[in-house]
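Here is how the chains run, residue by residue.
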Amino acid sequence: MSLAPKLAFRNLFQDRLRLIATVVGIGFSMVLVTIQMGLYVSFETMVTVMIDHANADLWIVPRGAKSFEDPSLLDERERFRALSLDGVRDVVPLVVGFARWRAPSGATTPIFIVGAGRREDGLQPWNLIEGSLESLAIPGAVAIDQSYFDRLETSRVGESAEINDRRVQVLETTRGIRSFTTMPYVFVSPDFARAATGTPPNKTSYFIVHLAEGINATDIRNQLRTRLIDAEVLTPDEFGRRSKTFWVSGTGAGAALLMGSLLALIVGTVIVAQTLYSSTKDHLHEFATLRAIGSSSGYIIEVIIIQALLSAVIGFCLAAGIGLSVVWATAATALPVIMTPAMTLIVLLVTILMSVLSAAMAIMKVMRIDPVMVFTR
Amino acid sequence: MTGPVLEAIDIGKFLGIGAGRFQALSAVNLAIAGGELTLLMGPSGSGKTTLLSILGCMLTPSSGTVRVHGQSTAGKKPEELAKLRRNHIGFVFQSYHLFPTLTAIDNVRIALDIRGESSEQSIKRAMEVLAIVGLANKTGSYPRELSGGEQQRVAIARAIVGDPSVILADEPTAALDAENGHAVMSVLAQIATNPARGVLVVTHDPRIVEFADRIVSIEDGIIISDSRAVVSEEMALQAQGSSSCRNKS
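Cut-offs used in this document
- Residues numbered from 1 in each chain as written.
- Chains lettered and ligands numbered in written order.
- Predicted model: local features only at pLDDT ≥ 70, side-chain atom pairs only at ≥ 80, totals over all residues.
- Heavy atoms only, no water.
- Contact = heavy atoms within 4.5 Å.
- Buried area = accessible area lost by both parts, 1.4 Å probe.
- Salt bridge = Lys/Arg side-chain N within 4 Å of Asp/Glu carboxyl O.
- Polar contact = N/O pair within 3.5 Å; in protein donor to acceptor, adjacent residues only side chain to side chain.
- Helix = DSSP H or I, 4+ residues; strand = E, 2+ residues; numbered from the N terminus.
- Nonpolar A, V, L, I, M, F, W, Y, C, P; charged D, E, K, R; others polar.
- Buried < 20%, exposed > 50% of the residue type's maximum accessible area, 1.4 Å probe, protein only.
- 1 Å grid on protein atoms, 1.4 Å probe; cavity = no way out; pocket = protein on both sides within 12 Å on 5 of 7 lines; lining within 4 Å.
- Points joined across faces, edges and corners; volume = space filled by probe spheres on them.

Chemist: Just checking my understanding: could you explain the interface of chain A and chain B for this structure?
Modeler: Tallying the contact residues gives 27 residues for chain A and 28 residues for chain B. Both faces considered, chain A and chain B share a buried interface measuring about 2600 Å² in area, 61% of it formed by carbon and sulfur atoms. Between chain A and chain B we count two salt bridges in total. In this structure, Glu79(B) and Arg291(A) form a salt bridge, with 2.8 Å as the shortest nitrogen-oxygen distance. Joining chain A to chain B, the criterion identifies 12 residue pairs in polar contact (both at pLDDT 80 or more). Of all the secondary structure elements, the ones that give two or more residues to the side of chain A that touches chain B are helix H1 (3-14), helix H10 (284-292) and helix H11 (297-330) of chain A. At seven residues, H1(A) tops the list of elements feeding residues into the side of chain A that touches chain B. Tallied by class, residues from the side of chain A that touches chain B come to 12 nonpolar, nine polar and six charged.

See below:
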């Protein structure tokens, strides 16, 4: 085995205090990156949570609708135009909209109501904890998620509240149906949604299209696009991408999270660079000796890069440990941090890249070493 | 190789810039042959270290040529000069310059490691040379666990482990007491008995002239004497003294 790794390891571990400072610096900067990225992934997932859970082959959306939360309305006639096409089995209206929840204490909070269909073809709540899907057929029945019990001041089936001055009763509770906005999703019956949001009988927010067995969704989408006037036809993927683009890129929310990650990376890079530079300065005579006895630049760079990699791996392990704790701690909250295997791998690669780039300053310092200095000390 | 292992031909060197510019070496000619130990003596500021740096391919001369193992260093890039050093020159420094975090054997091995030699070979060879310098029982010791003389012998082992053509030693006994200095010089003299290897020792120390096959004196950047005759310690002391007096004046 080459002595370069041994020399790098010993140089790094010789000053324990500096090593701890480096590892903590890298660790916390990567924890910040992990959390920001975890929030970003969580944000992206939550943006399309309703689209992902709707049993739709195609979506008919108001022309120019930017996301699932878009307040525009469709005309009911579009439904019949769609139904008239061979291959379309069913077209289910879906009414959604913003509303106000008044808790028994009188406190109000904005919510986003989803007019869940009673039939399987609609958009129904999932991950039920209490109650049954059929209970949403009862007038004034609602389903809420346990993440929002505090916000809605409600914690169990049977409790009452008001939505836009209409009395409702919690008959279902769910787990993990969270909104990326501050407004909880509340499932209600389609009729209640229409009444509470003031949606006229001939209007709807979306149509969920179901196709006959064996029909190609893209073909039907293209045909529907020529038939529908004030509507767009999108596959679930297309609608999901459009929603993500709007919320992630259009609102600046995604940019803010990415900027946070970038800042964390810069802080991490500076910490590692400073440490490696200072370590290199402390060992300058050793590097000069290496140069004097004929070492190539490559050998010296190898020593510094190995130091950087060791710092990266130790820092990453710390970050991963803390990151997993944060994931665990936020799992049941309204703002969960998600850490996927792919994301973990990315964080590891970014940590390594950051540390290696940080070595540049130290390498430049070493490359300027005059080996003659070994004679002057 | 039949010619000199290291040769300086008409070397001149200017140091400093602007008003501080001065000529550190002027028309220096020196050839180090294999199988002999040469002492380069002179007062502080005489140009010894500058000449050693040029001979060690660490400093480029302003004029003249250096030949290492028959190869001219003129026009060579830093990486090529580094290759020349690792293949043909061994260095011994006044402050030893051992790696404090490595054991004695690793400090020696590193000279082979930078050549890309396998660890099996390098360990074997390092053990051999540590035995040659009398440290076979100290292979696992760290520099802080060794005396000054032992550290210098580890440095000598590092210098010779790659079987270089020439050893350049800068004040190798300056930091040592008489006994350790004597031990270190004995090792260097022993190394110089190899006809394929020359040893050049830069020194102020008159106690070590007994080990020299040849003494070269330098003053103000000019070689003032180059003697192969056996020089007594007393003469060397006189030479050293007169240089110092001149320096002070």
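Once you've had a look at it, read on.
Chemist: Explain the pattern of salt bridges to me, please; I cannot follow it from the model alone.
Modeler: Residue and element names in this part refer to chain A. In total, this model carries 20 salt bridges over all chains according to the counting rule given. Among the salt bridges present, the one from arginine 100 reaches aspartate 165, with a minimum N-O distance of 3.3 Å. Here arginine 100, found in strand E4 (residues 96-102), pairs with aspartate 165, found in the loop between strand E8 (160-163) and strand E9 (166-174); they are 65 residues apart in sequence, far enough to count as distant. On the basis of relative accessibility, which here comes to 34%, the residue arginine 100 falls in the partly exposed class. Taking the shortest distance from any N to any O, the salt bridge between glutamate 162 and arginine 102 comes out at 3.9 Å. Highlighted residues: glutamate 162 in strand E8 and arginine 102 in strand E4, separated in sequence by 60 residues. Judged by its relative accessible area of 29%, glutamate 162 is partly exposed.

Chemist: I would appreciate a short explanation of empty space enclosed by the protein in the present structure.
Modeler: Considering all chains together, one arrives at one cavity of 30 Å³ or more under this definition. For the largest cavity, the calculated volume is near 110 Å³. Around the largest cavity, the lining residues are Ile293(A), Arg86(B), Ile89(B), Gly90(B), Phe91(B), Ala111(B), Arg115(B), Arg158(B), Ala159(B), Gly162(B) and Pro164(B). Looking at the lining of the largest cavity, the elements with two or more residues in it are strand E6 (89-92) and helix H5 (148-160) of chain B. The element best represented in the lining of the largest cavity is E6(B), accounting for three residues. Grouping the amino acids of the lining of the largest cavity by side-chain chemistry returns six nonpolar, two polar and three charged.

Chemist: Whenever I open this one, the environment of Asp70(A) confuses me. Can you help?
Modeler: All names here are of chain A. As for its placement among the helices and strands, aspartate 70 is situated in the loop between strand E1 (58-62) and strand E2 (74-75). For the pair aspartate 70 and isoleucine 35, spaced 35 residues apart in the sequence, the C-alpha separation amounts to 29 Å. Setting aside its immediate chain neighbours within four residues, aspartate 70 contacts Gly64, Ala65 and Tyr206. Polar contacts involving the side chain of aspartate 70 include one to the main-chain amide nitrogen of lysine 66, which spans 3.0 Å.

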